[in-house]
Amino acid sequence: MLTRGRCTSLTRCASPPSRAALASRFGQALVVVLLLLQTFTGFRSSEALQLQRQHLIPGHMNNAVPGTAVILLGVKHGTKIGRPQFVTVTNPLVCMLISAFYNTTPLSALLTPVSTYAGYKALLDRAWREPGLKHLGGTPHSPRAGWATAERLRGVSISKLKARGRWVSDKS
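Reading the values: the criteria
Residues numbered from 1 in each chain as written. Predicted model: local features only at pLDDT ≥ 70, side-chain atom pairs only at ≥ 80, totals over all residues. Heavy atoms only, no water. Helix = DSSP H or I, 4+ residues; strand = E, 2+ residues; numbered from the N terminus. Contact = heavy atoms within 4.5 Å. pLDDT = per-residue confidence, 0-100. Phe/Tyr/Trp six-rings, centres within 6.5 Å; stacked < 30°, edge-to-face > 60°. Lys NZ or Arg CZ within 6 Å of the ring centre and 35° of its normal. Pairing = 2+ DSSP bridges. Salt bridge = Lys/Arg side-chain N within 4 Å of Asp/Glu carboxyl O. Buried < 20%, exposed > 50% of the residue type's maximum accessible area, 1.4 Å probe, protein only. Core = buried A, V, L, I, M, F, W, Y, C linked by side-chain atoms within 4.5 Å. Polar contact = N/O pair within 3.5 Å; in protein donor to acceptor, adjacent residues only side chain to side chain. Expected span 1.5 Å × (residues − 1).

Visitor: Explain the overall build of the protein chain here, please?
Guide: Counting its regular elements, the protein chain contains six helices and five strands. The linear arrangement of helices and strands in the protein chain, starting from the amino end, is β-β-α-α-β-β-β-α-α-α-α. For the protein chain, the share of sequence-separated contacts (at least 6 apart) that also reach a separation of at least 24 residues comes to 55%.

As structure tokens, this is what we get:
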């Protein structure tokens, strides 16, 4: 029985859908949100696909610098330079995305139902196709290039961009 939107009888209320059911129905939505996270942080697709809830510190949980979210990269396997790194985020939209992932993902689960580049690309392609949008040829790596371009247009120096993007060489 429902009273003012609350369940008063546990036997009559449907249980919430499992993460697996949500992943199958909303997998592409999660991947699109991950794509947005990449767009604002410059993550490589491989870095984004490895992210788990335990790698996220939402801004409201950061006691050292309140309001600044932290994302830990390469915790288990290292990053391209072979050691763990972190990214700090102060953009309110990105902090909200991080909090949303944190609040809806089990502790050691991946943030999305895909863990491979091919799976990521397939879900992104489907996300473009289903609403009838014209696919512009982007890939899971496109947000990183777009992020770097946007940062340069904002006047960020090459040396700062290289540090923020975690590039090892000038050739990248």
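Visitor: Just to check I follow, could you spell out the confidence of the model for the protein chain for this structure?
Guide: If pLDDT is low for a region, its predicted coordinates should not be looked at in detail. Taken as a whole, the protein chain shows an average pLDDT of 77; of its residues, 73% reach a score of 70 or greater. Averaged pLDDT values over the elements of the protein chain bottom out at 36 in strand β1 (residues 2-3) and peak at 92 in strand β3 (residues 56-57).

Visitor: I tried to follow the packing of aromatic side chains on my own but got confused; where do I start?
Guide: Within a pair of aromatic rings, the relevant descriptors are the distance that separates the centres and the angle that separates the planes. Under the defined criterion, the tally for this structure stands at zero aromatic pairs. The lysine or arginine in question, Arg53, covers the ring of Tyr102, its NZ or CZ lying 4.1 Å from the ring centre.

Visitor: Looking at this model, I keep getting lost on the sheet that holds strand β5 (residues 85-89). Mind explaining?
Guide: Picture the strands of a sheet paired through backbone hydrogen bonds; they go either parallel or antiparallel. Strand order in the open sheet made by the three strands is β3-β4-β5, with antiparallel pairing throughout. In this open sheet, the two edge strands, each paired with only one partner strand, are β3 and β5. Of the pairings in the sheet, the one linking strand β4 (residues 69-73) to β5 comprises five bridges and is antiparallel in character. The residue of β5 that forms the bridge with Val70 is Thr88.

Visitor: Got a minute to help me understand the environment of Ala48 in this structure?
Guide: Along the chain, Ala48 falls in helix α2 (residues 45-50). Along the chain, Ala48 and Leu110 lie 62 residues apart, while their C-alpha atoms are 9.5 Å from each other. Ala48 has contacts with Leu34, Gln38 and Phe43, leaving out every residue within four places of it along the chain.

Visitor: Could you clarify how one ought to interpret the pattern of salt bridges in this entry?
Guide: Here the idea is simple: oppositely charged side chains can pair when their charged atoms come close. The tally for this structure, following the rule as stated, stands at three salt bridges. Ionic pairing is found between Glu47 and Arg44, a salt bridge with its closest N-O pair at 2.7 Å. For Glu47, a relative accessible area of 7% gives the class buried. Residue Arg44 is classed as buried on the basis of its relative accessible area of 10%. For Glu151, the salt bridge is made with Arg154, and the minimal N-O distance between the two is 2.1 Å.

Visitor: What is the right way to look at the nonpolar core in this model?
Guide: Grouped burial of nonpolar side chains is what soluble globular proteins tend to show. Core analysis: the biggest nonpolar cluster contains 24 residues, and Leu37, Phe43, Ile71, Val89 and Ile98 have the highest contact counts within it. Elements with a minimum of two residues in this core: α1 (19-41), α2, β4, β5, α3 (92-104) and α4 (117-129). The element that contributes the greatest number of residues to this core is α3, accounting for five residues. Discounting chain neighbours no more than four positions away, the residues touching Leu37 are Phe43, Leu51, Ile71, Val94, Leu97, Ile98 and Phe101. The next biggest cluster of nonpolar side chains, apart from the first, holds five residues, and it includes Trp147, Ala148, Val156 and Leu161.

Visitor: Sorry, what's going on with the side chain of Asn62 here?
Guide: Considering the arrangement of structural elements, one finds Asn62 in the loop between β3 and β4. Taking relative accessible area as the criterion, Asn62 reaches 10% and is therefore assigned buried. Within the structure, the side chain of Asn62 is placed 3.0 Å from the backbone nitrogen of Val65, a separation counted as a polar contact. Leaving out residues up to four positions away in the same chain, Asn62 has contacts with Ile57, Thr68 and Val70.

Visitor: It is not clear to me how the environment of Val65 should be interpreted in this structure. Could you clarify?
Guide: Considering the arrangement of structural elements, one finds Val65 in the loop between β3 and β4. Judged by its relative accessible area of 44%, Val65 is partly exposed.

Visitor: Please explain α4 as it appears in this structure.
Guide: Counting along an α-helix, one turn takes 3.6 residues, and residues three or four places apart therefore face a common direction. The end-to-end C-alpha distance of α4 is 18 Å, a good match for the 18 Å that 13 residues give at a rise of 1.5 Å each. Three or more residues of α4 are buried, namely Gly119, Tyr120, Leu123, Leu124, Asp125 and Ala127.

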